[in-house]
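# Survey of secondary and tertiary structure
The residues making up each chain are set out below.
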Amino acid sequence: MEGAVSSLSYSLFLSLFYVVIRLVCQWYIKSKMSSDDKRRTNYQNGHALPYPGVKTYVDPDTYEDPTQAVHEFAKEIDPTRIRIERVIGAGEFGEVCSGRLRTLGKREIAVAIKTLKGGYVERQRRDFLREASIMGQFDDPNIIRLEGVVTRSRPVMIVVEYMENGSLDSFLRKHDGHFTVIQLVGMLRGIASGVRYLSDMGYVHRDLAARNILVNSNLVCKVSDFGLSRVLEDDPEAAYTTTGGKIPIRWTAPEAISYRKFSSASDAWSYGIVMWEVMSYGERPYWEMSNQDVILSIEEGYRLPAPMGCPVVLHQLMLHCWQKERSQRPKFTDVVSFLDKLIRNPSNEPIQE
Ligand code: ACK
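All figures in this text were calculated on a predicted structure; none of them were measured in a lab. (Residues numbered from 1 in each chain as written. Predicted model: local features only at pLDDT ≥ 70, side-chain atom pairs only at ≥ 80, totals over all residues. Heavy atoms only, no water.)

## So, the layout of surface pockets
If you add up the space inside the largest pocket, you get close to 870 Å³. Lining the largest pocket are 36 residues, and of these Ala90, Val96, Lys114, Ser167 and Asp225 lie nearest its centre. At the level of secondary structure, the elements contributing two or more residues to the lining of the largest pocket comprise strand E3 (82–90), strand E4 (95–102), strand E5 (108–115), helix H4 (122–135), strand E7 (157–161) and helix H7 (229–234). Grouping the amino acids of the lining of the largest pocket by side-chain chemistry returns 15 nonpolar, eight polar and 13 charged. (1 Å grid on protein atoms, 1.4 Å probe; cavity = no way out; pocket = protein on both sides within 12 Å on 5 of 7 lines; lining within 4 Å. Points joined across faces, edges and corners; volume = space filled by probe spheres on them. Helix = DSSP H or I, 4+ residues; strand = E, 2+ residues; numbered from the N terminus. Nonpolar A, V, L, I, M, F, W, Y, C, P; charged D, E, K, R; others polar.)

This is the structure:
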């Protein structure tokens, strides 16, 4: 009897001990979480759910009727609300223009308008609108915002927010040496945060490169150019590999080049190349080396050196992104935290190489 009582009190003691330890651990984890992490975590019955508020990406190609996907994810805009002002570039499907959009609240906002040129076949229309079906699923300050589409009249259009400084690569080349390291790190932080959002959504970009990032008048960088395989078809940097895929070799992780293993970890490799492009003000990765030489050099362990004036810690982060073993590369959430710390406390870090 006495034995039974003592074993009961022993198990009571153990349960109590367990509850106390659990509460202390929960309190400790919560107190260590940044406010950013808290925003991205909620609790249900006391259990932390990973990013429950974050939706997952739906591949528009899984829709039998791709037009249905467009209408599910993008608003149809009445074309009388759009005023095209000037042509700012050329895309594979037609011109890219700048203009104004009258919002439903009667405000006018600056927009970029991608048009689908006449004489297209159904497949081109579908490929063109695929980008809108993807972009329309995202809502993040570092992802280009889709305003809507025009599909019920001609020309077919995709309307997105206007980014005053255009593509990041040409913007940096135009302003070579003009920014402080902290300003450049701020741009990199924005891009990493956009890609973190994409990877939380389960979307793999596959073509992260400075040419596919847009910059607004406040130097905010936003990820653009969505469209899965179509993106690579469009990209002038994409070259055919021996396995028949079209890939922007200099920006792509070895496993994605060799056996098309694209993942958020291969996006991390590309992000490392974007870091290098930013810190070198739009220099071409691996300069004039041929694609084949790039592949061989990477295989032999060669990695891009730190650009002039690049802080050691940033080059170390690039090297981390370029680990051969993809599981060893950093997660985007860690990249964002790291860059945040660097921005908050730059003097603690050895800035020059
Ligand atoms: O480097 P850019 O000036 O920036 O030239 C290209 C061109 O259109 C062809 O893609 C520019 N562009 C694309 N989307 C946008 C946008 N949302 N806002 C401003 N410019 C854009 C891009």
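## Comments concerning the nonpolar core
When a protein is soluble and globular, its nonpolar side chains tend to lie buried together. Judged by nonpolar contacts, the single largest core of 79 residues is most densely connected at Phe138, Leu168, Ile191, Val223, Phe226, Tyr271 and Leu339. Once residues within four sequence positions are removed from consideration, Tyr271 is found in contact with Leu188, Arg189, Ile191, Ala192, Leu208, Cys321, Phe332, Val335 and Leu339. If you look at the next biggest cluster of nonpolar residues, it comprises ten residues, including Cys97, Leu101, Met157 and Val159. (Core = buried A, V, L, I, M, F, W, Y, C linked by side-chain atoms within 4.5 Å. Buried < 20%, exposed > 50% of the residue type's maximum accessible area, 1.4 Å probe, protein only. Contact = heavy atoms within 4.5 Å.)

## Overview of the site of the ligand
Close contacts around the ligand come from Ile88, Gly89, Val96, Ala112, Val160, Glu161, Tyr162, Met163, Gly166, Ser167, Ser170 and Leu214, and that covers them all. Interatomic distance of 2.9 Å between a backbone N/O atom of Met163 and a nitrogen atom of the ligand. Residue Ser167 places a side-chain N or O atom 2.9 Å away from an oxygen atom belonging to the ligand. Its free accessible area being 450 Å², the ligand has 74% of it covered by the protein chains. Those elements that place two or more of their residues in the shell around the ligand are E3 and E7. Considered class by class, the residues forming the shell around the ligand number seven nonpolar, four polar and one charged. (Near = heavy atom within 4 Å. Polar contact = N/O pair within 3.5 Å; in protein donor to acceptor, adjacent residues only side chain to side chain. Areas by Shrake-Rupley, 256 points an atom, 1.4 Å probe, with all protein chains shown as cover.)

## What to know about the side chain of Ser98
Within the secondary structure, Ser98 sits in strand E4. Note on Ser98: relative accessible area 6%, which makes it buried. Non-local contacts of Ser98, meaning those with residues more than four positions away in its chain, are made with Arg83, Ile84, Glu85, Arg86, Ile88, Val111, Ala112, Ile113 and Tyr162.

## Some thoughts on the pairing of E4
Examined bridge by bridge, E3 and E4 share seven bridges and lie antiparallel to one another. When the sheet's bridge partners are listed, Val87 is paired in E4 with Cys97. From the end of E3 to the start of E4, which pair antiparallel, there are four residues, and Gly94 there has a positive phi angle of about 160°. Where E4 meets E5, seven bridges bridge the pair, whose relative direction is antiparallel. Note on E5: the bridge partner recorded for Ser98 is Ala112. Linkage of E4 to E5, two consecutive antiparallel strands, is achieved through a turn of five residues, within which Lys106 is found at a positive phi near 70°. (Pairing = 2+ DSSP bridges.)

## Section: the pattern of salt bridges
For the coordinates displayed, the defined rule picks out 15 salt bridges. Residue Glu85 is joined to Arg83 by a salt bridge in which the shortest nitrogen-to-oxygen separation is 3.2 Å. The exposure class of Glu85 is partly exposed, given its relative accessible area of 46%. Across the salt bridge formed by Glu255 and Arg329, the nearest N and O atoms sit 2.9 Å from each other. A residue pair is termed long-range when its members are at least 10 positions apart, and Glu255 in helix H8 (residues 254–259) and Arg329 in the loop between helix H11 (312–321) and helix H12 (332–344) qualify at 74 residues. The pair Glu255 / Arg329 is uniform in exposure class, with both members buried. (Salt bridge = Lys/Arg side-chain N within 4 Å of Asp/Glu carboxyl O.)

## A short note on the UniProt feature "binding site: ATP" (unreviewed entry) in the chain
The sites that carry the UniProt feature "binding site: ATP" (unreviewed entry) are, in the present numbering, Lys114 and Arg211. Cross-referencing the annotated residues with the lining of the largest pocket gives Lys114 and Arg211. For Lys114, the position within the fold is in strand E5. The residues contacting Lys114, other than those within four sequence positions of it, are Glu95, Val96, Phe128, Glu131, Val156, Met157 and Ile158. A distance of 3.1 Å separates the side chain of Lys114 from the side chain of Glu131, its partner in a polar contact. Residue Arg211 is classed as buried on the basis of its relative accessible area, which comes to 17%. In this structure the side chain of Arg211 is engaged in a polar contact, spanning 3.5 Å, whose partner is the side chain of Asp207. (UniProt positions renumbered as here; feature names shortened; annotations may be inferred.)

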